[in-house]
Amino acid sequence: MTNHSTDTNQTNESSEASERYFARRLLHNALGIVCTCLLAGLVGLTVFDVIGRYWFNAPVSGAFELTQLMLGALIFAALPLTTEAGEHVEVDIFYEMVPVLIKRLMRILGACISAVALWIIAWRLAHHAAKLSSDGAVTDALSLPLAPIGWFGAGAAALSGVLAIAYLARFSLADEMLDLADPAAKTGIPRGND
Amino acid sequence: MAESFIGFAVLLALLFLRVPIAFAMATVGAVGFALMRDWNATWSMVGNVAFDTGLSYSLSVVPLFILMGNFLTISGVSHGLYAAANRLLGGARGGLAMASIVACGGFSAVCGSSLATAATMSKVAMPSMRRYGYADSLATGSIAAGGTLGILIPPSVVMIIYGLITESDISKLFIAGIIPGLLGVVFYILAIVVVTRIKPSLAPIADKLEPFAAKDRIGVLAVVGLFLLIMVGIYGGFFTPTEAAGIGAAASLVISIFMGGFQARKLFDACIESARATAMIFAIVIGAEIFSNFVNFAGLPDGLASMIIDLELNAYVVVIGIMVIYLVLGCVLESLSMILLTVPVFYPLVTQLDFGTEILSDSENILIWFAVVVVVVTEISLISPPVGLNVFVLRNVLPDVPLTTIFRGVLPFWMADLVRLTLLIAVPGFSLWLVSLM
């Protein structure tokens, strides 16, 4: 959680910053708990399905589609976290060579394209969800409605778009932060220190 | 077809301007698709791709294998692997570096990511090599190179994605990676033998080795057991790769709690890390699918295939040409995006080539062999300057070592990789023998 350490310093400076920090912690913990539960659900479902199939001759019915739904929910719940942490993979080979002004422009371009792409995905997911809802689309075995996952995805993608812009704003606070390029942060692997 | 090349050019320009790869591909793909067809079709394509990819059952292996690797990272089994390998090889000249390679290979067998393998092993192997006075170049080079085995030795996230693109059987892809992965270990060790022979001062002989404690034994047993559980489970027909991943994640949680105690905070962080990495990968997959819908609509794969077939080039010349493209792209692109961008274009072409050997006569075999070759060339890109990501992982763990030192240390392994790549292209049996036994 290296990214948050900088904010700890800012909390002392203004209440606005502390509110922002609080909002980010809240988002991080709430979505983090959702993701953890979904991962636990995916793992638990598989284990029970396999154990049930071999030892009790009773596989979990609808395991296939429950996996699909939980996976979808996991991806969409984690998308804001990834965006907020600035972990989308980027190529920074030229970025390292250009002056600060160009770096800023590149950051702005990247954030704008990310936000617009995410908002368009949100809009299309909402459209897709509305269609699923009006068709009354449900899964085969358990007859679970498909539309809610589309709505959830639309909301998460829209929020991610906002966070992409917020990430830009956070980075513009200080020029030296532009140089905090951290390859490990982009790859999503556990960080080295710890 | 010309439209595709314009698309690729615009995409590369956006990437160099540091637009996130996922969104650059989505944007160029959607705009290109719309210009060639119309906006209505584009909008519904975007919605369908995002929804269907998010709910893709075959991709549910990805978060589960990532979670397994992250649980094992905090469990400390990596220390056991290194201690065991040290016991075996540590006495030889360069033995600690060889042990790093072997331990990396071992960790790869339960971890699907090269970056995670390099990051995990560097924390274990680096302090030890420093204590015995190894040169930083050799020490960091061996870990960066050994880490690349993560995507070749099963399980492998990259192989899963390749399987998805080409509709190949993931369990066949996994088993195909085993022998080339072991070859990688052997070639890397040979590279260490050669460099320490040329310059013995790189690696002083370690006279008193570190102890191999009881906890280390348990760690080794846990890794071996987990690998066997997954492999026997998949190849014995007991469960699907997805189920293997779920069971592997559950088992690694047990191992982690058994070895390190119930560290709630660390386990929670491991879950969040896994979720974030998953969303990062899915964003790239969604972007790449939108982009390849455009490229396919523009007729690039078919056009390219028929053009190459018309030229009547030797099949191996074509494959070598493709490898050169990968080596060049690998210098600037990250591995997953490189595979997602290029494999959809190349695989229809490769299956139409006539290799003139029995073993590469059907397209399924060609695709499995091509997967191994592509993954190995991607491994090379992970340690190629200027953006080899494994090198940056090492750099991140050891901020005091200059990048040039790591790249210098990686060079012998890079050359060993080129030899291995050539061998794997020339002898498809290395990749296909185990598959034929299935």
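Preceding this paragraph is the structure being described.
Residues numbered from 1 in each chain as written. Chains lettered and ligands numbered in written order. Predicted model: local features only at pLDDT ≥ 70, side-chain atom pairs only at ≥ 80, totals over all residues. Heavy atoms only, no water.

> What is the right way to look at the overall build of chain A in this model?
For chain A, the helix and strand inventory stands at 6 helices and 0 strands. Ordered by position from N to C terminus, the α and β elements of chain A give α-α-α-α-α-α. Scored against the burial criterion, the 194 residues of chain A give a buried share of 50%. Taking all contacts inside chain A whose residues are at least 6 apart in sequence as the whole, residues at least 24 apart take part in 72%. Summed over its atoms, the accessible surface of chain A is roughly 9,100 Å², and 67% of this surface lies on carbon and sulfur atoms. (Helix = DSSP H or I, 4+ residues; strand = E, 2+ residues; numbered from the N terminus. Buried < 20%, exposed > 50% of the residue type's maximum accessible area, 1.4 Å probe, protein only. Contact = heavy atoms within 4.5 Å. Areas by Shrake-Rupley, 256 points an atom, 1.4 Å probe, with all protein chains shown as cover.)

> Can you walk me through empty space enclosed by the protein in this structure?
Which parts of space are left empty comes out when a probe the size of a water molecule is rolled across the atoms. Summed over all chains, the structure comprises 5 cavities of 30 Å³ or more. If you add up the space inside the second largest cavity, you get close to 190 Å³. Every residue lining the second largest cavity is counted, 14 residues in all, and those nearest its centre are Glu90(A), Ala111(A), Ser114(A), Tyr167(A) and Pro20(B). Of all the secondary structure elements, the ones that give two or more residues to the lining of the second largest cavity are α4 (100-135) and α5 (147-172) of chain A. Counting residues per element, the lining of the second largest cavity draws most heavily on α4(A), at 5 residues. Grouping the constituent residues of the lining of the second largest cavity by class yields 6 nonpolar, 5 polar and 3 charged. (1 Å grid on protein atoms, 1.4 Å probe; cavity = no way out; pocket = protein on both sides within 12 Å on 5 of 7 lines; lining within 4 Å. Points joined across faces, edges and corners; volume = space filled by probe spheres on them. Nonpolar A, V, L, I, M, F, W, Y, C, P; charged D, E, K, R; others polar.)

> Hey, could you run me through the interface of chain B and chain A in this one?
Note on interface size: it is often stated as the accessible area lost on association of the parts. At the interface, 69 residues of chain B touch 69 residues of chain A. Surface buried jointly by chain B and chain A totals about 6,000 Å² across both partners, of which 75% is contributed by carbon and sulfur atoms. In this structure, the connection of chain B to chain A is made through 11 residue pairs in polar contact (both at pLDDT 80 or more). Contributing elements (two or more residues each) for the side of chain B that touches chain A: α1 (2-16), α2 (21-36), α3 (39-54), α4 (61-75), α7 (114-131), α13 (241-260), α14 (264-297) and α19 (389-397) of chain B. Among the elements that make up the side of chain B that touches chain A, the one with the highest residue count is α14(B) (17 residues). (Buried area = accessible area lost by both parts, 1.4 Å probe. Polar contact = N/O pair within 3.5 Å; in protein donor to acceptor, adjacent residues only side chain to side chain.)

> How do you make sense of the packing of helix α11 (residues 178-198) of chain B against helix α20 (residues 403-426) of chain B when you look at a structure like this?
Each pair of packed helices gets described by two things: the angle between the helix axes and the distance between those axes. Residues and elements named next belong to chain B. Interaxial distance between α11 and α20 falls to 9 Å at its minimum, and their mutual angle equals 140°. For the element pair α11 / α20, the angle class is oblique. Read as a crossing pair, α11 and α20 show a hand that is right-handed. Residues Pro180, Leu183, Gly184, Phe187, Tyr188, Ala191, Ile192 and Val195 of α11 pack against Pro412, Phe413, Ala416, Asp417, Val419, Arg420, Leu423 and Leu424 of α20. A class-by-class count of the residues in the contact of α11 with α20 yields 13 nonpolar, 1 polar and 2 charged. (Axes fitted to C-alpha atoms, helices over the stretch in contact; angles between N-to-C directions. Parallel < 35°, antiparallel > 145°, perpendicular 65-115°, else oblique. Left-handed = near helix turned anticlockwise from the far one by under 90°.)

> Can you help me understand the pattern of salt bridges in this one?
Oppositely charged side chains can pair when the atoms bearing their charge come close. Enumeration according to the criterion identifies 12 salt bridges over all chains in this entry. Between Glu84(A) and Arg24(A) there is a salt bridge, with the nearest N and O atoms lying 2.4 Å from each other. Here Arg24(A) lies in helix α2 (residues 15-55) and Glu84(A) lies in helix α3 (residues 63-84), a separation of 60 residues in the sequence. The pair Glu84(A) / Arg24(A) is uniform in exposure class, with both members buried. Between Glu379(B) and Arg420(B) there is a salt bridge whose closest N-O contact spans 3.3 Å. One end of the pair, Glu379(B), is in helix α18 (residues 363-382); the other, Arg420(B), is in helix α20, with 41 residues separating them in the sequence. When salt bridges with common partners are traced through the structure, they connect Glu87(A), Glu273(B) and Arg276(B) into a single cluster. (Salt bridge = Lys/Arg side-chain N within 4 Å of Asp/Glu carboxyl O.)

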